[in-house]
Amino acid sequence: MLFHIRHRLDYTYDQPVFLEPMTLRLTPRQDASQRLLSHSLRIVEPPLGQASIVEPDGSDAVVLWFKEKRQTLVIEVESVVETLRDNPFAWIVTDAGAQHLPAHYQPGEAASLAPSRGGAVAEPVRSWAAELAAGAQHNTLDFLTQLTDTIHLTFHHVGRPDGEPLPASDCLTSRCGACRDTAMLFVESCRSQGLAARFVSGYSMHHPPEVSEQELHAWAEVYMPGGGWRAYDPSLGLAVADGHVAIAAAPDHQLAAPVSGTYRGTGIGSNMGYTVRLRAAATAAELNLPDSGGTAVH
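Residues numbered from 1 in each chain as written. Predicted model: local features only at pLDDT ≥ 70, side-chain atom pairs only at ≥ 80, totals over all residues. Heavy atoms only, no water.

In terms of strand pairing, strand β1 (residues 2-19) meets strand β6 (residues 70-83) through 12 bridges, oriented antiparallel. Bridge assignment links Tyr 11 to a residue of β6, and that residue is Leu 73. Inspection of the sheet shows strand β3 (residues 34-44) paired to β6 by 10 bridges, in the antiparallel sense. The residue bridging Arg 35 from the neighbouring strand is Glu 82, located in β6. (Pairing = 2+ DSSP bridges. Helix = DSSP H or I, 4+ residues; strand = E, 2+ residues; numbered from the N terminus.)

Laid out in structure tokens, this is it:
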């Protein structure tokens, strides 16, 4: 599947402010599940400087820094991505310790995955996940399917464009949340059963009914020996195949935020607007794109 993505972010401030260094996580990943064919980033009124970096979990990011005060910031991104995974179940578990819950990893693997296995899990979430695990006879893959289906089918899914994810226990208690809320509930439920799980941000061609406009999406990944990081989308009830494009993944959702940064200006308000234009098709011709075989990433 080919995706053509245009994403624009508009930041406005009540008065000119000084922008602290800002991290942009808007470059689609390149890995076993997707290939970045082209990418461009444009900052209207360019910053003083910028640097491309690789973050702790392997996500590509760009750091911007500024010199002069400004009252607006406009970020424009255009990408073409080929997703490669048409069957999300075409893999095997190679470690018996991960086949049943609570999951166990080999020592070296466990050490590498520690940031995605740790963190406090509220007791209501832990108990709920334990019930689901028992209902799946503690089979890991059955648990992941049941967890995905339960959140999708029994929770009220809402659109909430701003704000941090809700605490997982709040999402569970209310049985209601946006995609980032249910993604974090999924992550913490998996961690309570010993599984390494992390938060993912990106785009999806599958739009939940509550979404009237294209926007960023959030889901989760679980690490399985023999399968690597495998993605599940509880808000859509899917084991992720080729209908999603990931831009960042991290154990801490804040480290997967598309944009991170602060500004200096006492008592000055700010506003953010965005537009996402997403097209998906089987071939470049259907998207009216040039042949993608020789397209450069920049």
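Here we take up the pattern of salt bridges. Within this structure, the stated rule accounts for 11 salt bridges. The salt bridge partner of Arg 29 is Glu 221, with a shortest N-O separation of 2.8 Å. You can see Arg 29 sitting in the loop between β2 (22-24) and β3 and its partner Glu 221 sitting in strand β10 (residues 217-224), a full 192 residues away along the chain. Taking relative accessible area as the criterion, Glu 221 reaches 3% and is therefore assigned buried. The partner of Arg 198 in a salt bridge is Glu 221, with the nearest N and O atoms 2.8 Å apart. Of this pair, Arg 198 sits in strand β9 (residues 197-204) while Glu 221 is found in strand β10, placing the two residues 23 residues apart along the sequence. Taken as a pair, Arg 198 and Glu 221 share a single burial class, namely buried. Beyond isolated ion pairs, a larger network of salt bridges with shared partners links Arg 29, Asp 31, Asp 57, Arg 198 and Glu 221. (Salt bridge = Lys/Arg side-chain N within 4 Å of Asp/Glu carboxyl O. Buried < 20%, exposed > 50% of the residue type's maximum accessible area, 1.4 Å probe, protein only.)

Moving on, we come to the sheet that holds β9. Spatially, 5 strands are ordered β12-β11-β10-β9-β13 in an open sheet, and the strand pairing comes out antiparallel. In the strand order of this sheet, the two ends are held by β12 (238-239) and β13 (244-250), each with one partner.

The next thing to look at is the confidence of the model for the chain. In regions of low pLDDT, the predicted coordinates are not meant to be interpreted in detail. With 95% of its residues at a pLDDT of at least 70, the chain reaches an overall mean of 93. Here residues 292-298 scores under 50 on pLDDT; set against residues more than four positions off or in separate chains, the count is 12 contacts. (pLDDT = per-residue confidence, 0-100. Contact = heavy atoms within 4.5 Å.)

Strand-to-strand pairing in sheets goes through backbone hydrogen bonds, with the strands running parallel or antiparallel. Taken in spatial order, the 4 strands line up as β4-β5-β2-β14 in an open sheet, and their pairing is antiparallel. Pairing within the sheet leaves two strands with one partner each, and these edge strands are β4 (49-54) and β14 (259-260). Sheet topology places β2 next to β14; 2 bridges connect them, and they run antiparallel. If you follow Thr 23 over to β14, its bridge partner there is Ser 260.

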